[in-house]
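Each chain, written out:
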Amino acid sequence: TIGASAVLKIRTGAAPAHCAAADSGTVLATCSLPADYMAAAAVGAKAKSGTWEDLSADATGTAAHFRLYASDGTTCGAQGTVTITGGGGEMTVDNTSFATGQAFTVTSFTITAGNA
């Protein structure tokens, strides 16, 4: 449902119950991802492809969850937790303490099929 050229928004606070629920938390950063933002599937999983980064965060706060949207930036297709690299979140970033104007990089993101 997301399609090519997804938009990533990293937010504060807990993620909503599901993508159909209203957004929650403050948007810390918004990134337009590459058209081919996910690599080919292998052994039931797909990992991020290319560089996912924002050179200027939108707000100050602690990153806690993300939402992936279609290129329109409003249709949510996936969400999950954000932690520091090695912290076990569904998405990891180089630093969860965001400051307005600060650059950040997504270090890992993988979607795994339920039966993989």
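Residues numbered from 1 in each chain as written. Predicted model: local features only at pLDDT ≥ 70, side-chain atom pairs only at ≥ 80, totals over all residues. Heavy atoms only, no water.

Examining the overall build of the protein
Of the regular secondary structure elements, the protein holds zero helices and ten strands. Secondary structure elements in the protein, listed N-terminal to C-terminal, are β-β-β-β-β-β-β-β-β-β. In summary, the protein has a C-alpha radius of gyration of 13 Å against a globular reference of 13 Å for 116 residues, a match within 12%. Along the three orthogonal principal directions, the C-alpha set of the protein runs to about 35 × 30 × 25 Å. For the protein, with 116 residues in total, the buried portion stands at 35%. Taking the intrachain contacts of the protein between residues at least 6 apart in sequence as the baseline, contacts between residues at least 24 apart amount to 59%. (Helix = DSSP H or I, 4+ residues; strand = E, 2+ residues; numbered from the N terminus. Rg over C-alpha atoms; globule rule 2.2 N^0.38 Å. Buried < 20%, exposed > 50% of the residue type's maximum accessible area, 1.4 Å probe, protein only. Contact = heavy atoms within 4.5 Å.)

Quick notes on the nonpolar core
Formed by 24 residues in total, the largest nonpolar core has its most connected members in Leu8, Ile10, Trp52 and Met91. Once residues within four sequence positions are removed from consideration, tryptophan 52 is found in contact with Leu8, Leu33, Pro34, Tyr37, Met38, Met91, Phe104, Thr105, Val106 and Phe109. (Core = buried A, V, L, I, M, F, W, Y, C linked by side-chain atoms within 4.5 Å.)

Topic: the confidence of the model for the protein
Model confidence for the protein is summarised by a mean pLDDT of 92, while 97% of its residues fall at 70 or above. When pLDDT is averaged over each helix and strand of the protein, the minimum, 90, is found for strand β3 (residues 45-47) and the maximum, 98, for strand β5 (residues 61-62). (pLDDT = per-residue confidence, 0-100.)

A few points about the side chain of histidine 65
With respect to the element layout, histidine 65 can be found in strand β6 (residues 65-69). Within polar-contact distance, the side chain of histidine 65 engages the backbone oxygen of threonine 12 at 3.3 Å. Of the polar contacts made by the side chain of histidine 65, one reaches the backbone oxygen of glycine 13; its length is 2.8 Å. Histidine 65 has contacts with Lys9, Ile10, Arg11, Thr12, Gly13, Ala14, Ala15, Pro16, Ser24, Gly80, Thr81 and Val82, leaving out every residue within four places of it along the chain. (Polar contact = N/O pair within 3.5 Å; in protein donor to acceptor, adjacent residues only side chain to side chain.)

Brief notes about the state of the cysteines
Summed over all chains, the structure comprises one disulfide. The disulfide that involves cysteine 19 links it to cysteine 76, with 2.2 Å between the sulfurs. Remark: cysteine 76 occurs in strand β7 (residues 76-84) and cysteine 19 occurs in the loop between β1 (7-11) and β2 (27-32); sequence separation between them is 57 residues. Relative accessible area serves as the criterion here: at 23%, cysteine 19 is assigned to the partly exposed category. (Disulfide = S-S within 2.5 Å.)

Re the environment of tryptophan 52
By the secondary structure assignment, tryptophan 52 is in the loop between β3 and β4 (53-54). Distance from tryptophan 52 to threonine 105, taken between C-alpha atoms, is 6.0 Å for residues 53 residues apart in sequence. At 3.5 Å, the side chain of tryptophan 52 and the backbone oxygen of tyrosine 37 are in polar contact.

Let's talk about the side chain of arginine 67
Residue placement: arginine 67 occurs in strand β6. Since its relative accessible area comes to 1%, arginine 67 is described here as buried. Among the polar contacts made by the side chain of arginine 67, one reaches the main-chain carbonyl oxygen of alanine 21 at a distance of 3.1 Å.

A look at the packing of aromatic side chains
Applying the stated criterion across every chain yields a total of four aromatic pairs. A centroid spacing of 5.5 Å and a plane angle of 40° characterise the contact between tryptophan 52 and phenylalanine 109, whose relative ring orientation is tilted. Pair noted here: tryptophan 52 is in the loop between β3 and β4 and phenylalanine 109 is in strand β10 (residues 104-112), with a separation of 57 residues, a long-range link. Given the relative accessible area of 0%, tryptophan 52 is considered buried. Ring geometry for phenylalanine 98 and phenylalanine 104: centres 4.8 Å apart, planes at 45°, overall tilted. Side by side, phenylalanine 98 and phenylalanine 104 carry an identical accessibility label, which is buried. Three or more aromatic residues joined by ring pairs form one cluster here, namely Tyr37, Trp52, Phe66 and Phe109. Geometry around tyrosine 69 places lysine 9 over its ring, the cationic atom sitting 5.0 Å from the centre. (Phe/Tyr/Trp six-rings, centres within 6.5 Å; stacked < 30°, edge-to-face > 60°. Lys NZ or Arg CZ within 6 Å of the ring centre and 35° of its normal.)

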